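Notes for the structure review
So you can see what is in the structure, the chains are spelled out below.
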Amino acid sequence: MSTSFDSALGLGTNNKPWIKVINYFLWALIVIVFAGPLVAIIVGAFSATRDPSQLSLIPQNPSLENFSTALDRNVMLYLGNSLIVVGFGLLFQMLVSVFAAYALARKKFRGRGIAMLLVLATLMLPEEILAIPLSRVLSDVPFIGINLINSLAGMIVPVIAWGFSILVMTEFMKEVPMELEEAARIDGAGELRTFFSVILPTCTPALGVIGVFGFTMIWDQYLLPLIVASDSDMFTLPLALRSLRADPEVGLGVVLVGATLALLPSVIAFLCFQKSFMRGLASGAVKG
Amino acid sequence: MSKSALIERSRRSERLPSAPTRRRSGRRTGAFWVPWAFLAPALVLFLLFKFIPMGEAVMTSFQNVRPFLGNQWVGLQNYNALLSSDDFQGAVWHTLLLGVGQTVGSLLLGFTLALLLEGQAKRLWFVRSAAFLPVVAPMAVIAEVWRIIYHPTGDGIANQILSWIALEPSQWINSPDSSLVSVMLVGIWRGAPYDMIIIVAGLVSVDRSLYEASALDGAGPLRRILYVTLPALRPVIAILLTLAAIRGMRVFTEVFLLTNGGPNGSSEVVMTLIYKLGFERNQLGIAAAGSVLLFAATVALTLLIQLARRRKE
Amino acid sequence: MKSKISVILSVGMLAATALAGCSTGSEPQGSSVKQNEETTQTLEIWQRKAPGSPSDTVGQEVAKAFSEATGVQVEFSSILEDFEIKLQQRASQGDLPDIVINDTAQLGNMKTQGLLREIEPAAIEGSDKIKARAWDGAKAADGKFYGVPHTAQTVALFNRSDWRKNVGAEVPTNWDELVKLWEAYSTGDPTGTGKDVAGLGVPGATKRGYISWNTSSFFWSGGGEYFKDDGSGKFTSEVASEGSVAAAQWIRGLVCEHDVLQPGAGSQDTTNVKELFQTGAVGSYLVAPYELASFDLNPGRDVVEVIAPPAGPAGLTTLAEGNNVYLMAGSANELAQEKFAEWAVSVEGQTVAMAGDREGNLVRIPVNSEVDMSKLRTDSRWQMFEDLYEKNGRYVPAVPNWAPFLNSSAETLNTLISDCSLDVADEMKKLDGKFTAELEAQGALAG
């Protein structure tokens with residue numbers, strides 16, 4: 001067979017040469033169109049001067065000057081804060097989403113529709129208008145009475161529940177065949193056992209998705225850290241980036257350093273999570 | 001093989017007892033409180049950090065907000081101010097146009113990308129990561145980059161590309177005629193990789209035996225995609241449409257940074273209008289009213305999509 | 001059983017949200033706050049600068065010097081982006097910082113929200129030394145003062161002297177010559193390399209009202225007026241008057257008739273234009289003295305001249321701005337607040353904040369007339385700015401909230417330069433309608 005079944009288009013490793021050529025051409029085009037402008041940003045971070053009306057892929061006057069200015073501005077501290085917030089935030093976010101999705105996808109119960117709607121509703125609330133009331137809640141959390149202002153925890157806790165993750169996870173979990181679950185139950189597994197050993201492993205592509213998007217969402221948070229941090233030591237990178245941008249004393253090159261630093265972790269996260277997409281294909285548990 | 005035979009084949013495989021069945025709805029096993037226990041963490045967090053602040057925000061939509069002096073009740077005045085504003089209708093129209101355009105464009109382009117980049121080869125990992133960059137780059141930086149690309153003279157990158165296909169240079173974001181389309185293109189550029197990732201995850205989950213079966217029946221790639229892949233991707237597309245509807249109503253940052261609704265209101269969307277009438281003038285009550293209106297519209301739209309989906313199933 | 005759970009849950013959610021909403025009926029704050037003991041008073045001071053910037057450093061020095069001089073402990077913070085949100089956050093908790101050093105243009109806005117203590121100039125020691133013009137920036141619509149002037153500045157024209165010489169022009173003395181100079185830049189190859197450059201760089205975006213803010217000097221000098229003040233704190237809109245229309249026509253003409261602005265001006269902000277000037281893509285830029293240091297580096301001191309803009313048909317008026325020291329309402333440290341205000345305007349306070357020739361000065365042009373700029377700064381161009389400020393400086397109108405007017409006028413100007421087919425008089429009439437409606441909404445409409 002000259003086509004493979006690995007993908008919808010059926011492009012395998014033994015294709016006709018002209019198909020290969022078109023493939024490579026298209027891939028190169030995609031890289032240029034989507035990554036090109038952003039490579040220009042990273043390049044700009046390394047240039048001492050740049051022509052503001054052109055995007056160049058080669059550094060002009062390559063220098064690390066912008067980086068040293070940025071370091072003077074405490075960029076490393078903000079990077080560290082961001083990493084802590086994302087590390088813990090993403091972990092808990094994935095846990096909470098997966099639990100909630102399990103209920104919404106695999107259990108039939110009255111009120112499921114309403115619960116789903118409530119989850120969706122949280123995605124529709126415009127952030128900006130929630131800022132001030134949210135800060136009030138954070139300074140005096142109802143039922144618990146603790147003050148989360150000016151702490152990294154205050155930036156972590158509110159992001160743990162995210163409608164997008166729950167939504168995506170739910171949809172993917174719905175597709176797991178009943179047979180697997182029944183088989184586990186017949187073997188005497190309880191709720192949690194079923195959950196961890198049967199359902200979850202078959203959803204690894206979805207885990208990859210919510211991992212990547214969750215990472216990016218938490219990493220890019222702007223309003224939440226803004227209202228939580230009352231002194232600048234608590235700033236996360238996007239916050240500091242905005243300040244840099246608006247600061248008349250700073251050149252665009254330094255801003256680009258901030259942008260590069262803000263960009264790279266998400267890319268790294270994507271590379272890591274890509275593995276789980278592909279693992280889903282290789283495991284073949286679903287394909288009987 | 002004919003189209004109907006292919007459909008018949010995939011339907012048949014769904015009915016065979018040995019083949020995996022698609023579960024329609026869950027089954028009631030275990031205590032009634034089990035689902036709620038699993039949902040509890042999420043719901044509690046939502047209550048604390050979303051619903052309670054939202055309740056407050058709704059209250060303030062009926063007030064003249066003065067943080068220090070104390071709020072004053074003004075009833076529907078804020079809503080009136082918004083709905084009677086000359087720019088409101090235009091903003092709604094632009095929001096719809098932008099939303100639909102970006103959704104369709106991102107979906108089509110994202111699907112194409114996903115098809116092209118599906119697979120395990122290492123070089124595909126690299127290309128996928130490269131294509132993913134627009135999603136992770138901060139919007140402020142994307143705006144700067146695209147402002148350069150959209151440079152209105154003949155030397156601007158976008159205009160140079162236009163000249164390859166024998167078109168006149170455009171003013172892009174600087175002209176009322178082309179500002180909305182310019183913003184839409186940036187949205188598609190950013191949205192396609194976003195959709196691509198989710199679609200790739202969906203493609204990975206497609207049953208490979210169905211591909212084999214369709215090949216045995218002599219179906220080429222096109223038929224395969226139409227009759228095996230697309231149906232299998234239905235849930236994924238449903239997610240994407242729902243998300244797109246929500247995102248589309250709330251579009252703000254790209255418009256704000258590129259054109260700020262201009263020139264002359266040609267790219268004004270609902271959220272930029274709320275920003276101008278509310279936040280810029282320190283009228284937080286109006287901003288809250290606008291947010292409530294937007295929320296209601298989004299809920300309505302989402303319900304429509306869910307209903308349409310229910311109908312199809 | 002089945003439906004009960006969901007009903008309880010929904011009702012519970014709704015009740016919680018409703019209850020939460022009910023709690024936002026806060027009482028007016030800061031009527032009379034119990035004062036701390038004089039010796040234990042401390043100050044929390046905010047300034048609108050980027051944290052970690054040179055201005056932050058100078059700010060910390062100011063705080064330290066003040067503490068040493070008076071013994072009052074100070075907590076000094078620099079906050080920049082979304083300063084307003086943070087301030088509102090604190091306002092909603094009824095816990096404002098004691099002092100805020102902020103734009104003069106923010107006075108009306110903050111006063112309307114009830115955030116400011118009224119100032120009696122006579123009660124502030126050393127206030128008589130403050131330049132009369134500076135007090136204009138601290139005055140509200142009701143004629144009373146709500147801040148103590150801290151720093152002042154105005155704008156001048158930064159111009160490429162090498163380009164001017166290359167095109168064989170003299171320093172322009174009137175608007176015709178000015179426009180001709182810019183046209184020469186745009187068409188006459190002033191760099192000698194054939195590179196396409198623009199005459200004047202203007203941040204033409206509507207964001208933050210940039211285009212209006214950056215061209216107000218031209219608007220006023222061209223015969224335009226925003227309002228007529230009837231003297232009792234009420235205003236009428238003047239933007240549809242003959243002079244205003246003529247001025248707007250001239251500004252629009254820079255794009256539509258003479259084509260001397262940089263391409264894409266309508267979507268660019270100050271950071272963009274600053275970069276354009278530094279990389280030699282525009283020949284002139286109207287901006288305040290804080291850019292002296294950056295432009296001395298790029299494009300370089302030897303090719304940049306700083307000149308007073310030539311007078312227009314209505315003379316020369318340049319936009320005056322500055323910062324005030326605002327004493328915030330509801331403070332428990334009122335004596336300390338006054339001490340800071342007095343120290344900040346004193347010769348010592350001004351000197352520390354001027355930071356000599358260093359980057360990040362908080363005081364550009366001192367408001368204290370006894371401070372001798374030439375002794376503190378080696379760059380004589382600062383003196384030119386000071387003269388310009390004292391002779392031609394004009395603050396934004398003292399309406400209750402200037403921001404909406406700034407933003408509407410920015411929209412109109414941006415519209416005019418983006419579509420040359422529109423009629424200037426018509427657009428200014430529309431703006432006039434908006435201005436009048438806004439004046440009414442702010443309770444400041446005359447008649």
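Below or above, wherever it landed, is the structure these notes cover. Position labels on residues start from 1 in each chain and follow its written sequence. Starting at A for chains and at 1 for ligands, labels are handed out in the order in which the entities are written. Side-chain atom pairs in this predicted model are given and counted only at pLDDT of 80 or more, local residue features only at pLDDT of at least 70, and totals for whole chains, interfaces and linings cover all residues. Excluded from the side-chain calculations are hydrogens and water; all other atoms, namely the structure's heavy atoms, are used.

Focus: the packing of aromatic side chains
Two numbers describe a pair of aromatic rings. These are the distance of the centres and the angle of the planes. When two rings of Phe, Tyr or Trp (its six-membered ring) have centres within 6.5 Å they constitute a pair, described as stacked for plane angles under 30 degrees, edge-to-face for angles over 60, and tilted for the intermediate range. Scanning the entire structure with this criterion turns up 50 aromatic pairs over all chains. Plain terms: the ring middles of A:Phe99 and B:Phe38 are 5.5 Å apart, the flat faces sit at 50° to each other, and that makes the pair tilted. Linking A:Phe99 in helix 3 (residues 75-106) with B:Phe38 in helix 2 (residues 33-60), this pair reaches from one chain into another. Exposed residues in this analysis have more than 50% of their type's maximum accessible area, buried residues have under 20%, and partly exposed residues fall in between, with area computed by a 1.4 Å probe over protein chains only. Note on A:Phe99: relative accessible area 21%, which makes it partly exposed. Each ring, one from B:Trp146 and one from B:Tyr150, has its centre 5.2 Å from the other, and the planes form 55°; the classification is tilted. Take B:Trp146 and B:Tyr150: they sit in the same class, and that class is buried. Put simply, the rings of C:Phe219, C:Trp220, C:Tyr226, C:Phe227, C:Phe235, C:Trp402, C:Phe405 and C:Phe435 touch in pairs and so form one group of aromatic residues. The ring of B:Tyr211 is capped by B:Arg224, whose NZ or CZ atom sits 5.0 Å from the centre of that ring. Of note, C:Arg377 hangs over the ring of C:Trp382, and the distance from its end group to the ring centre comes to 4.0 Å. What counts as a helix is a DSSP run of H or I of at least four residues, what counts as a strand is a run of E of at least two, and both are numbered from the N terminus. Two thresholds decide whether a charge sits over a ring: the Lys NZ or Arg CZ must be within 6 Å of the ring centre and within 35 degrees of the ring normal.

Things to note about the sheet that holds strand 5 (residues 156-160) of chain C
Residues and elements named next belong to chain C. Paired strands, as defined in this entry, are two strands with at least two bridges between them according to DSSP. Spatially, four strands are ordered 6-9-5-10 in an open sheet, and the strand pairing comes out mixed. The two strands at the open ends of the sheet, each matched to only one other strand, are strand 6 (198-201) and strand 10 (304-307). Ignoring which end each strand starts from, the neighbouring axes of this sheet average 20° apart. In this sheet, strand 9 (residues 282-287) lies alongside strand 5 in antiparallel orientation, the contact comprising four bridges. Axis lines are fitted through C-alpha atoms, for helices just across the contact stretch, and the angle between N-to-C directions can take any value from 0 to 180 degrees.

Comments concerning a nonpolar patch on the surface
Each patch groups residues whose relative accessible area exceeds 30% and which form no salt bridge, using 9 Å between like charges and 5 Å between nonpolar side chains of Val, Leu, Ile, Met, Phe, Trp and Tyr. The protein chains shown are the only cover counted for residues, whose accessible areas, like all others here, come from Shrake-Rupley with a 1.4 Å probe. In what follows, salt bridge is the name for a side-chain nitrogen of Lys or Arg lying within 4 Å of a carboxyl oxygen of Asp or Glu. Taken together, the side chains of A:Ile84, A:Phe88, A:Leu91, A:Phe92 and A:Leu95 make up a nonpolar region of the molecular surface, amounting to roughly 460 Å² of accessible area. In this fold, A:Phe92 is placed in helix 3.

Considerations on the interface of chain A and chain B
The contact criterion used throughout is that any non-hydrogen atoms of two residues lie within 4.5 Å. Opposite the 109 residues of chain A that make contact, chain B presents 104 residues. Note on definitions: buried area is the accessible-area loss of two parts on being combined, 1.4 Å probe, summed for both. Summing both partners gives a buried area of about 9,900 Å² for chain A against chain B, and 75% of it is carried by carbon and sulfur. The term polar contact refers here to a pair of N or O atoms within 3.5 Å; inside protein, the definition further demands a hydrogen-donor-capable atom paired with an acceptor-capable atom, and it admits residues adjacent in sequence only when both atoms are side-chain atoms. Inspection of the region where chain A meets chain B yields three residue pairs in polar contact (both at pLDDT 80 or more). In this classification, Asp, Glu, Lys and Arg are treated as charged, Ala, Val, Leu, Ile, Met, Phe, Trp, Tyr, Cys and Pro as nonpolar, and every other residue, Gly included, as polar. Its residues assigned to classes, the side of chain A that touches chain B shows 75 nonpolar, 13 polar and 21 charged.

All we've got here are geometric facts, nothing functional implied.
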